Amino acid sequence: MSDRSRLEYLLGKALGAELDAGEEAELLRALESDASLAAEFARDARFHGLLSLALGEEQNPDRFERSLAARLKASQGDTAFLRSLEAKIKDPPRSRPSFRPSTRRKGRAGGWRPWLPPLIACAGVLVGIALVFSLRPANRSSEDAARPGSSKRPESPPERAKAEEERAQAEERVSRLQEQEKRAAEALKAATDDLKRKAEEAFLDIARKRKEEEERLAKLRQAEEEARRVATKPVPEPAVEEKPSLAPKRPETQAVVAKLEHVAGEVVLASSSGRAVAKGGEELRAGHGVEVPGGGKARLKYPDGTWVELGPGTELKDLRSEGGKRSHLVKGHVRAVVTRQAKDQPMVFATPHGDATVLGTTLRIVVDPDPRKGTRLDVDEGKVRLTRSIDPKFVEVPNGHYAVAATGIELIARRISSIVSGMAPNSWMTVSGTHLREVAPDASKYPQVRGIANTEFVIDSWSGGAFDPRGNQLILWGGGVTNYHGNELYAFKVDSLKWERLTDPTPNPADGRQVNGDGTPNSRATYNGLACITNPDRLFALGGYMAGTTTNVEAGNSLWTFDFAEKRWKEPNPTGSRPPAGFPSACSYDPLTRRVWWCEATPSAPGLYSYDCDKNLWVRHTSDLFNLQTSAVDTRRGLLFIVGNGEVVAYSLREKNPTRKVWTTVGGDAFIGQNQFGLDYDPASDRIVGWHGGPVYSLNPETRAWTVHAAPGAPAKTPNGIFGRWRYVPSVKAFIAVTSVDENVHFFKLPTPR
Amino acid sequence: MAEQERLIAAWRRGDFDAFLQLVRPHLVSLRALVVFYGPPATSLWETDDLAQDALIEAFQSIGQFDPARGEIRSWLGGVVRNRVRRAWQESLRERKRRQNAVTRAMEMAGSPEGKLDPEARPLVEALRECLEKLPEQGGKMVRAHYAERLSGEEIAERFKVTLPAVYVTLHRVRRALRQCVESRSGFRVEGVHP
């Protein structure tokens with residue numbers, strides 16, 4: 001840090017009263033030695049006060065006057081002290097940790113703690129709950145008997161009477177808890193700021209207990225009903241005496257709710273008969289639960305095809321099927337694909353902070369035990385209702401959105417991608433949980449697609465990508481040569497910030513040939529040969545090296561397109577002057593000319609070519625030779641930039657006959673001297689932006705100067721080139737970077753131009 | 001005028017609502033007086049505490065206010081200035097226990113020349129206009145610090161920048177804003193004390 005920056009740092013920190021003793025002494029020395037510095041700093045400090053006054057007022061414009069009114073009221077008469085306490089209850093002193101509290105106020109108030117009375121009230125409510133629980137009849141055996149799934153069942157009128165009694169007691173308990181919950185809600189309403197948080201936590205605790213008690217009541221009602229049914233049955237013939245069975249009592253009388261389809265790592269199956277390590281394939285019945293304590297994973301499948309995946313650290317308990325699929329997600333995270341459910345039989349995930357009610361969708365839920373973090377629901381498809389425990393509020397969360405049920409957080413649906421669009425300029429962001437490998441095909445099902453290795457070569461094998469703005473997704477396609485023979489397509493969905501595998505690999509690829517037996521293109525190392533055509537919405541794929549038993553089978557000039565709507569590959573066989581599409585060419589789509597511009601690198605037929613998507617026609621414009629460079633279209637000026645191997649070349653695509661113009665640029669030699677990097681145009685900041693690991697480089701087309709953006713947090717680059725896996729994403733005004741199947745997806749946002 | 005007399009009469013009977021109605025038009029300027037001449041505060045709460053202390057004194061000093069001798073605003077300004085002076089004395093006593101760069105800078109700047117009576121509203125309006133012109137990142141940081149009252153660390157976390165970058169940015173933006181406000185309002189912010 002320079003001396004000037006160091007001084008600015010100290011001056012900035014001093015006004016937040018955050019200097020430590022050493023820094024304070026350092027700043028004092030600087031001020032003492034420079035009177036003009038001291039004078040300016042004193043003016044800054046006064047202005048700091050004005051800023052606090054003006055901006056602090058924006059948040060709460062009436063606060064000062066309300067507080068003053070309360071203090072004035074308290075100052076009247078001989079009982080001023082008592083009245084000031086009353087005033088402080090109405091307008092308690094603020095206690096943000098980032099600002100030092102007033103010492104004078106403390107002195108006057110004599111150590112008054114404004115949160116104390118309501119907290120005492122909340123404590124009273126909790127003590128009440130404890131009393132209720134302690135006064136409950138300690139009749140565990142009868143309660144066990146009434147619990148579904150228990151080995152004991154009520155089978156006679158006396159037991160039915162007992163069940164009725166227990167049900168009545170439980171109803172009373174629920175009634176009391178509801179009353180206490182109401183009182184706590186009233187206390188919560190009256191509370192403010194810090195106090196509100198404490199009251200909310202107490203309220204949540206009560207709400208959770210009420211919920212548990214209601215669940216217990218539901219079980220008791222069920223048991224009572226069962227007892228009634230048994231009691232009204234005709235008495236069976238006593239002729240045959242049933243032999244006592246040595247086998248465990250039959251939990252199997254409960255219907256199967258779901259099946260534990262797959263487990264990985266440590267997974268525990270919890271039931272009324274105890275806990276056991278799950279192996280996979282177990283049937284889950286009413287009351288059962290599944291825990292994934294460590295780094296494992298488990299997948300439940302319901303009879304209707306609905307599946308739920310439990311991540312590490314997850315506890316899902318009390319699975320039910322009455323009234324719809326129900327379960328209690330205590331903590332951790334689940335991902336679910338829910339098939340269409342009957343309207344009166346929704347799937348419900350109950351969490352400590354709320355309920356997620358699903359009729360048919362793909363969703364993810366993360367439950368944090370901390371009530372301030374609460375339950376986060378992400379909806380990838382469909383719509384889910386999230387109802388908060390603390391109050392009757394709910395929100396419909398549509399696809400591509402999320403909502404959080406937690407203390408102190410507004411219950412609204414937000415775009416999942418807003419986390420990226422709101423990122424700070426000149427910074428990198430890692431999107432956690434976005435390893436492409438998570439959606440890769442099961443290698444055991446596709447043994448023939450393995451080359452030297454598996455999915456890792458979807459990226460590492462000189463593979464590219466293209467951004468599809470209509471689907472708001474980055475498309476990845478790669479593999480080929482002897483590395484990997486799977487031809488599946490991947491998409492990173494920016495709306496949901498997750499990977500999706502668009503196609504499965506062809507199980508028996510035709511190595512060394514253009515087309516597989518199923519009519520799809522063979523896997524290939526795609527380099528810079530991918531682009532997205534936006535109208536119609538298709539992937540353009542040309543060139544590269546195909547999968548085979550040798551490493552040098554060029555894919556040639558067979559053009560392939562993938563229709564995103566139909567999810568189908570097509571071979572359009574265009575007419576005109578086809579480029580040979582040799583290694584290592586590059587291409588970019590220009591939405592204005594509706595053409596893919598192809599920079600051919602084959603010495604025998606070099607040139608700038610264009611593919612007219614509407615006419616399905618190739619045109620050769622020049623005979624310039626390109627080599628290992630990457631291209632991007634400046635849509636504002638209609639310029640095609642080709643950068644790399646030490647040069648920046650531009651073609652004006654608005655001219656009838658585009659001609660090559662070499663640009664002399666400054667400040668970017670270290671970048672343009674390389675090749676096989678990522679390059680794209682950012683229309684928001686009007687910059688051509690490139691990345692090849694390390695700092696980001698941006699070219700201002702007006703000044704022809706490069707700027708280096710060395711923000712921390714950049715991922716390690718892919719050893720064999722970045723290509724189209726670095727793309728501008730208009731919806732979030734940031735660049736996406738994908739570097740490995742085992743690395744999270746990253747975003748980078750350029751600084752705001754001056 | 002009749003309304004003011006009615007309010008003053010009510011204030012004499014101990015009606016604080018009447019007092020509030022009288023001082024309401026002057027609250028921002030009175031608070032600004034504390035901001036510009038009070039001892040350095042680490043938060044708006046401290047500044048407001050001091051302003052409220054002064055106004056409570058004013059409320060209780062109804063016997064000293066004579067409408068015939070001047071406007072209520074001038075009288076209130078006098079009460080606030082007296083309270084501010086006392087606060088400075090308390091602050092200087094406290095300062096003996098710990099050095100403070102802000103207080104020292106103001107001491108070095110000296111006392112103001114002329115009357116202490118800032119008209120705050122034009123300043124606040126100028127400030128709002130200047131805030132609009134800030135670069136996006138700087139503007140967001142300033143609002144995070146002053147409106148949301150986030151600490152340096154919280155701002156660094158939100159904006160994914162280093163802590164030194166936060167303080168340097170806040171310093172630069174604050175100074176640029178001050179210069180903008182001064183040029184728009186014609187009021188020079190001085191780092192003085194009473």
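Every value quoted in this text rests on a predicted model; they were computed, and no experiment measured them. (Residues numbered from 1 in each chain as written. Chains lettered and ligands numbered in written order. Predicted model: local features only at pLDDT ≥ 70, side-chain atom pairs only at ≥ 80, totals over all residues.)

In terms of regular secondary structure, chain B is built from 10 helices and 0 strands. The order of α-helices and β-strands along chain B, N terminus first, is α-α-α-α-α-α-α-α-α-α. The burial tally for chain B puts 42% of its 194 residues in the buried class. In chain B, 69% of the contacts between residues at least 6 apart in sequence involve partners at least 24 apart. (Helix = DSSP H or I, 4+ residues; strand = E, 2+ residues; numbered from the N terminus. Buried ≥ 20, exposed ≤ 12 C-beta atoms within 10 Å, placed from the backbone. Contact = placed C-beta atoms within 7 Å.)

So, about unusual backbone geometry. Residues and elements named next belong to chain A. Positive phi, normally seen in glycine, also occurs at Asp-318, with a value near 55°. Along the chain, Asp-318 falls in strand 8 (residues 314-320). A residue is classified by how many C-beta atoms lie within 10 Å of it, and Asp-318, with 19 of them, is partly exposed.

A few words now on the interface of chain A and chain B. Interface size is often expressed as the accessible area that is lost when the parts come together. Counting residues at the interface gives 62 residues for chain A and 61 residues for chain B. Sorting the residues of the side of chain A that touches chain B by element identifies helix 1 (3-14), helix 2 (21-32), helix 3 (35-59), helix 4 (63-75) and helix 6 (103-109) of chain A as the ones contributing at least two each. Here the element with the most residues in the side of chain A that touches chain B is helix 3 of chain A; it accounts for 21 residues.

A few words on the confidence of the model for chain A. Residues and elements named next belong to chain A. With 75% of its residues at a pLDDT of 70 or more, chain A shows a mean pLDDT of 80. Throughout residues 77-157 the model reports pLDDT below 50, and contacts reaching past four residues in sequence, or to other chains, amount to 127 contacts. Confidence over residues 233-252 falls short of pLDDT 50; this stretch has 6 contacts with residues more than four positions distant or in other chains. (pLDDT = per-residue confidence, 0-100.)

All right, on to the packing of helix 1 of chain A against helix 10 (residues 163-185) of chain B then. In contact at an axis separation of 7 Å, helix 1 of chain A and helix 10 of chain B are set at 80° when each is read in the N-to-C sense. Looking at the two axes, helix 1 of chain A sits roughly perpendicular to helix 10 of chain B. Along its contact with helix 1 of chain A, which presents Ser-5, Glu-8, Tyr-9, Leu-11, Gly-12 and Lys-13 of chain A, the element helix 10 of chain B presents Pro-164, Tyr-167, Val-168, Leu-170, His-171 and Arg-172 of chain B. Partitioning the contact of helix 1 of chain A with helix 10 of chain B into residue classes produces 6 nonpolar, 3 polar and 3 charged. (Axes fitted to C-alpha atoms, helices over the stretch in contact; angles between N-to-C directions. Parallel < 35°, antiparallel > 145°, perpendicular 65-115°, else oblique. Nonpolar A, V, L, I, M, F, W, Y, C, P; charged D, E, K, R; others polar.)

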